[in-house]
Amino acid sequence: MSEKVKYIEVHRDDEAAKLGMWLFIFTELLLFGGLFLVYSVFRAKYPANFHEGSLELSVTIGAINTIALLFSSMTIAMALTAMQKNNKKLAMQLIAITLLMATVFLFNKYIEWSAKFEHGLYPGSPLMPHLDRGHLLYFSLYFFMTGLHALHIIVGMVLLSICFFRVRNGGIHSKKYVQLENGALYWHLVDLIWIFLFPLLYLIT
Amino acid sequence: MANNTTHTTEYKVLARVLLVLMFFTFLTISVTAYHLAAFSVTVALLIASVKGFFVLTYFMHLKYESTLLRILVAMIFVLYAVIILITFIDYAFR
């Protein structure tokens, strides 16, 4: 009897929740798409400057960050699998590993940006207007694109932290996990964008 | 009721996808050693697209989603390709 009442009370549509998340992801893709478009046009116009600019970046740090994000993307996908299999403890551990990888990524970004700042390269610095036009565009795009991406990392960390606590207190469980699924989708989006950012900003020849 | 059809991706599959992604990351870094000049962008974007395909298909579960959603995702990329094409046509004949 009580089972039945419970079932009637709870209105859920996981498919719609996921579709909504995907629609949001589309807007995010087009947001970064616009930046990639600006990047492509100016790279075509100033290929030499963009190449020189990319030499200022550390491929090693970029590669470590790529691996950290790819790995975290796998662990969050595994967290969803664990939740579907009703393995609460493993799901929490996997979300924690994902958050740890995100922290590693942000720490590397901090090191990278600090090195640039020390050389007087930051948006609005006195040095920036004296650079060649191509260099100026490269570094402006570099800071804007990686900055916007890092902001997405932080938002993703907040979303996944919420998921972590919701898993812990039972708000997300093996029969109701769409929130974790959507959080994971957001995290994969962040990974997806980085997959394109890395070769375009770090590996220009 | 809709969530009854939800597919669970096995840990093993996800781990294999990670290995594939790592391989392509290694590949995209190592090809920069060969100066492919004009082709370097094409190769980099091609490898990134393959990686993106794996993330979308397996990590984002598109392989097991409805046809509607898969078409929608495909259309976004088609739309973006059209935007790039139009921009570069404009840029080339200016």
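Keep in mind that this is a model prediction, so the values were computed, not measured. Per-chain numbering applies: the sequence of each chain, read as written, is numbered from 1 onward. For this description, chains carry letters from A and ligands carry numbers from 1, given in the order in which they are written. In view of the model being predicted, local features appear only for residues whose pLDDT reaches at least 70, and side-chain atom pairs are presented and counted only at 80 or more, with totals across whole chains, interfaces and linings using the full set of residues.

(A) Main features of the domain arrangement of chain B. Partitioning chain B into structural domains gives domain 1 (1–60) and domain 2 (66–94). Computed from C-alpha atoms alone, the centre-to-centre distance between domain 1 of chain B and domain 2 of chain B is 20 Å. A domain assignment, automatic or from a database, supplies the domain bounds used here.

(B) A look at the environment of His152(A). If you trace the backbone, His152(A) turns up in helix H6 (residues 133–168). Here His152(A) falls in the partly exposed class, since 19 other C-beta atoms lie within 10 Å of it. Strands are runs of DSSP state E lasting at least two residues, helices are runs of H or I lasting at least four, and both sets are numbered from the N terminus onward. Here a residue counts as buried when 20 or more other C-beta atoms sit within 10 Å of its C-beta, as exposed when there are 12 or fewer, and as partly exposed otherwise, the C-beta atoms being derived from the backbone.

(C) Representation of the interface of chain A and chain B within the structure. Counting residues at the interface gives 34 residues for chain A, matched by 34 residues for chain B. Looking at the side of chain A that touches chain B, the elements that each hand over two or more residues are helix H2 (14–45), helix H4 (59–84) and helix H7 (178–202) of chain A. Counting residues per element, the side of chain A that touches chain B draws most heavily on H4(A), which supplies twelve residues. Partitioned by chemical class, the residues of the side of chain A that touches chain B number 21 nonpolar, eight polar and five charged. Contact criterion: two residues are in contact if their C-beta atoms, reconstructed from the backbone, are within 7 Å. The residue classification treats Ala, Val, Leu, Ile, Met, Phe, Trp, Tyr, Cys and Pro as nonpolar and Asp, Glu, Lys and Arg as charged. All others, Gly included, are polar.

(D) Examining H4(A) more closely. By this rule, a helix spans an expected 1.5 Å times one less than how many residues it contains. When the terminal C-alpha atoms of H4(A) are compared, their 38 Å separation across 26 residues agrees well with the 38 Å that a helix rising 1.5 Å per residue should span. Phi turns positive one or two residues past the end of H4(A), at Asn86(A), with a value near 65°.

(E) Representation of the packing of H4(A) against helix H1 (residues 11–30) of chain B within the structure. At a minimum axis separation of 10 Å, H4(A) and H1(B) run at an interaxial angle of 165°. Relative to H1(B), the element H4(A) lies roughly antiparallel. At the point where H4(A) passes H1(B), the crossing takes the right-handed sense. When H4(A) is examined against H1(B), the residues Val59(A), Ala63(A), Thr66(A), Ile67(A), Leu70(A), Phe71(A), Met74(A), Ala77(A), Met78(A) and Thr81(A) are found in contact with a partner set consisting of Tyr11(B), Leu14(B), Ala15(B), Val17(B), Leu18(B), Leu21(B), Met22(B), Thr25(B) and Ile29(B). When grouped by side-chain class, the residues that make up the contact of H4(A) with H1(B) number 16 nonpolar, three polar and no charged. Here an axis means a line fitted to C-alpha atoms, over the contact stretch when the element is a helix, while the angle between two N-to-C directions is reported on a 0 to 180 degree scale. Note that the term roughly parallel is reserved for angles under 35 degrees, roughly antiparallel for angles over 145, roughly perpendicular for angles of 65 to 115, and oblique for everything else. Should the near helix be turned anticlockwise from the far one by less than a right angle, the crossing is termed left-handed; should it be turned clockwise, right-handed.

(F) Structural view of H1(B). Between its terminal C-alpha atoms H1(B) stretches 29 Å, which fits the 28 Å expected from 20 residues at 1.5 Å a residue. Among all positions in H1(B), only Val17(B), Leu18(B), Leu21(B), Thr25(B) and Thr28(B) are buried. Looking straight down H1(B), one finds its buried side chains confined to an arc of 105°; they lie on one side. The exposed residues of H1(B) that point more than 90 degrees off its buried face are Lys12(B), Ala15(B), Leu19(B), Phe23(B) and Ser30(B). Buried positions along H1(B) lie against H4 and H7 of chain A together with helix H2 (39–59) of chain B. Working note: the arc is built from the helix axis to C-beta atom directions.

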